[in-house]
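Observations on chain architecture
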Amino acid sequence: MKPTVSIIMATYNRAHLIVEVLESIMKQSFRDWECLIIDDGGTDNTKEVINFILEKDNRFDFFQRTNKYKKGLPGCRNYGLDLAKGERIIFFDDDDIVHPDNLKKGLEVLEYYNVDFCHYQKLVYEGQKTIFESKPITVKQYLTLNDLENVVTQKIGLASCTVLWKKKCFKKVRFNENLLYAEEWECYSRLISEKFNGIIINNVLYYNRKHANSNTGAFNKKNPVLRASYVNALLLIVINLKEKKLLTNNLKRYFISISIDYKEFNLFKALLNTLGLSKFEKFRWQFFYTTFPFRLKLYQIKLIINKRSNS
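Report on the accompanying structure.

Secondary structure assignment for the protein chain yields eleven helices and nine strands. Its C-alpha atoms give the protein chain a radius of gyration of 21 Å, near enough to 19 Å, the size a compact globule of 311 residues would have. Each principal axis of the C-alpha atoms in the protein chain carries an extent, and together these give about 65 × 50 × 40 Å. For the protein chain, the proportion of its 311 residues judged to be buried stands at 51%. For the protein chain, long-range pairs separated by at least 24 residues make up 81% of all intrachain contacts whose partners lie at least 6 apart in sequence. Charge separation in the protein chain, taken as the distance between the mean sites of 49 positive and 34 negative side-chain charges, equals 9 Å.

This is how it looks when you write it as structure tokens:
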């Protein structure tokens, strides 16, 4: 019989961490799932380390990414999507911990509210023992096309491992395999632009391990490859929004503000070319771009003055 949920987990040289997350999946209170572990060509002994779990629980399957898919998270996840048998899809990372009621609560939201996805909260932990809290489901908000701007600007952060999806969402949408960073931002922005609706709940159902070897850690240290991928993801989002006539003035301002931090990639010039602006609009945004650092500095000084006057 087909499982209800397909868990897709890409892994790469995480033999020292992966057992903990697999054991947390085994403890799920909802038990009708499959877990597809996609190895991205790792060189450590991950397979040997998890063999006892694969033999003990046949809901786990281990696959080597085939050459049909590009190396990286997007290729592994796309391979997993093509293998998935469940009508519900969720992505977990190979170095984190999952709340035992993760699937149970996510599925309850999908069915009760008849939505396409459920977004829950996560906590960052750093080696200490995780304490799971069991609380009733509380809804934060509905998430629709009207909230696209907040998803794109990441005021609503749809992280790859904090969303349970109905499989139909991925019928025509896949992760861009040319991206090595920000692939979920680009993919999930496209999904919301396709008018899939969801529910955001307040419950913490995922625990994100903080460590130096994570992609986010490398990006924050200004890894040039990951920064280039972020720029490419941003431009792909702009192209999608422009094609669907969803590119608002606020979003243009957001993208151009970001471009100031990516001068080495000529992002501002690329944005002007991608947006297809008139001469007047180009002049207006050029003025905005040039004066933005100065105006930002004035704003920061104003905040400091107000803080001192109120203290």
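So much for the structure itself; the text now carries on.
Moving on: a nonpolar patch on the surface. Together, Phe294, Leu298, Ile301 and Ile305 make up an exposed nonpolar region whose accessible area comes to about 410 Å². As for its position among the elements, Phe294 is in helix H11 (residues 279–310).

Counting residues in each nonpolar core, the largest one holds 63 residues, and the members touching the most others are Phe170, Tyr230, Leu234 and Phe255. It is helix H8 (residues 224–243) that contributes the most residues to this core, nine residues altogether. Every residue in contact with Leu234, bar those within four places of it in the chain, is listed here: Trp185, Phe255, Ile258, Leu267 and Leu271.

Further remarks concern the pattern of salt bridges. By the definition in use, this model includes 17 salt bridges. Taking the shortest distance from any N to any O, the salt bridge between Asp116 and Lys168 comes out at 3.1 Å. In this pair, Asp116 sits in the loop between helix H4 (102–113) and strand S6 (117–125) while Lys168 sits in the loop between strand S8 (163–166) and helix H6 (183–193), placing the two residues 52 residues apart along the sequence. Assessed through its relative accessible area of 11%, Asp116 is described here as buried. Across the salt bridge formed by Glu186 and Arg190, the nearest N and O atoms sit 2.7 Å from each other. In this pair, Glu186 and Arg190 both sit in helix H6, four residues apart, roughly one turn of the helix. You can call Glu186 buried: its relative accessible area is 4%. Salt bridges here are not isolated pairs; linked through shared partners, they connect Arg14, Asp94 and Asp95.

Let us now look at the packing of helix H9 (residues 249–259) against helix H10 (residues 267–275). Their axes nearest at 8 Å, the elements H9 and H10 cross at an angle of 155 degrees. Judged on the interaxial angle alone, H10 and H9 are roughly antiparallel. For H9 against H10, the interelement crossing comes out right-handed. Contacts between H9 and H10 involve Lys252, Phe255, Ile256, Ile258 and Ser259 from the first element and Leu267, Phe268, Leu271 and Leu275 from the second. Across the contact of H9 with H10, the residue classes tally to seven nonpolar, one polar and one charged.

Let us look at the pairing of strand S3 (residues 60–64). Note: strand S2 (residues 33–39) against S3, five bridges, orientation parallel. From the neighbouring strand, Leu36 faces S3, where its bridge partner is Asp61. Following the chain from S2 across helix H2 (residues 46–56) to the adjacent parallel S3, one finds a crossover that is right-handed.

One pair of aromatic rings is described through two measures. These are the centre distance and the angle between the planes. Taken as a whole, this structure holds 20 aromatic pairs when the rule is applied. An angle of 90 degrees between the planes, with centres 6.2 Å apart, marks the rings of Tyr113 and Tyr142 as edge-to-face. Taken together, the positions of Tyr113 in helix H4 and Tyr142 in strand S7 (residues 139–143) put the pair 29 residues apart, joining distant regions of the chain. With relative accessibility at 29%, the residue Tyr113 sits in the partly exposed group. By way of ring pairs, the aromatic residues Phe91, Phe117, Trp165, Phe170, Phe175 and Tyr188 are connected into one cluster. One Lys or Arg, Arg77, reaches over the ring of Phe175 and ends 5.6 Å from the middle of that ring. Taking NZ or CZ as reference, Arg284 lies 5.0 Å from the ring centre of Trp285, over its face.

Attention shifts here to unusual backbone geometry. Of note in this structure, Asn114 is not a glycine but carries a positive phi near 50 degrees. Notably, Lys195 is not glycine yet its phi reads approximately 75 degrees, a positive angle. Positionally, Lys195 belongs in the loop between H6 and strand S9 (198–209). On the basis of relative accessibility, which here comes to 58%, the residue Lys195 falls in the exposed class.

Turning our attention to helix H1 (residues 18–26). The buried fraction of H1 amounts to seven of the nine residues, a majority that puts the element mostly inside the structure. Residues of H1 that are buried include every one of Ile18, Val19, Val21, Leu22, Ser24, Ile25 and Met26, and no others. Elements in contact with the buried residues of H1: strand S1 (5–11), S2, H2, S3 and strand S5 (97–98).

Calculation criteria
- Every chain is numbered independently, its residues counted from 1 as its sequence is written.
- Reporting in this predicted model follows two pLDDT cut-offs: at least 70 for local features of residues, and 80 or more for side-chain atom pairs to be given and counted; totals over whole chains, interfaces and linings ignore these cut-offs and use all residues.
- Excluded from the side-chain calculations are hydrogens and water; all other atoms, namely the structure's heavy atoms, are used.
- What counts as a helix is a DSSP run of H or I of at least four residues, what counts as a strand is a run of E of at least two, and both are numbered from the N terminus.
- Put simply, the radius of gyration uses C-alpha atoms, and a globule should come to 2.2 Å times the residue count raised to 0.38.
- Burial classes follow relative accessibility: with a 1.4 Å probe on protein chains only, a residue under 20% of its type's maximum area counts as buried, one over 50% as exposed, and anything between as partly exposed.
- Two residues form a contact once any of their heavy atoms are found within 4.5 Å.
- For the charge count, each Lys or Arg is scored as positive and each Asp or Glu as negative, with His and the chain ends excluded.
- For charged residues, the charge sits on one atom: NZ in Lys, CZ in Arg, CG in Asp, CD in Glu.
- Residues enter a patch when their relative accessible area is above 30% and they make no salt bridge; the linking distance is 9 Å between like charges and 5 Å between nonpolar side chains (Val, Leu, Ile, Met, Phe, Trp, Tyr).
- Here the open area of atoms and residues is found with the Shrake-Rupley method and a 1.4 Å probe, where only the protein chains shown may cover a residue.
- Salt bridges are defined as contacts in which a side-chain nitrogen from Lys or Arg sits within 4 Å of a carboxyl oxygen from Asp or Glu.
- Each nonpolar core is a collection of buried residues, namely Ala, Val, Leu, Ile, Met, Phe, Trp, Tyr and Cys, held together in the definition by side-chain atoms within 4.5 Å.
- An axis is simply a line fitted to the C-alpha atoms; with a helix, the fit covers only the stretch in contact. Between two such axes, the angle follows the N-to-C directions and lies from 0 to 180 degrees.
- Reported orientations rely on four angle classes, namely roughly parallel under 35 degrees, roughly antiparallel over 145, roughly perpendicular from 65 to 115, and oblique for the rest.
- The sense of a crossing depends on the near helix, which, turned anticlockwise from the far helix by less than a right angle, makes the crossing left-handed and, turned clockwise, makes it right-handed.
- All residues other than Ala, Val, Leu, Ile, Met, Phe, Trp, Tyr, Cys, Pro, Asp, Glu, Lys and Arg, Gly among them, are scored as polar; the first ten of these are nonpolar and the last four charged.
- Strands pair, by our definition, only if DSSP identifies at least two bridges between them.
- Here a crossover is taken to be right-handed if, once the strands point away from the viewer, the path from the first strand over the helix to the second is traced clockwise.
- Only Phe, Tyr and Trp rings are paired, with Trp represented by its six-membered ring, and only when their centres lie within 6.5 Å; those with planes under 30 degrees apart are stacked, over 60 edge-to-face, the remainder tilted.
- Two conditions define a charge located above a ring, namely a distance within 6 Å from the ring centre to NZ of Lys or CZ of Arg, and an angle within 35 degrees of the ring normal.

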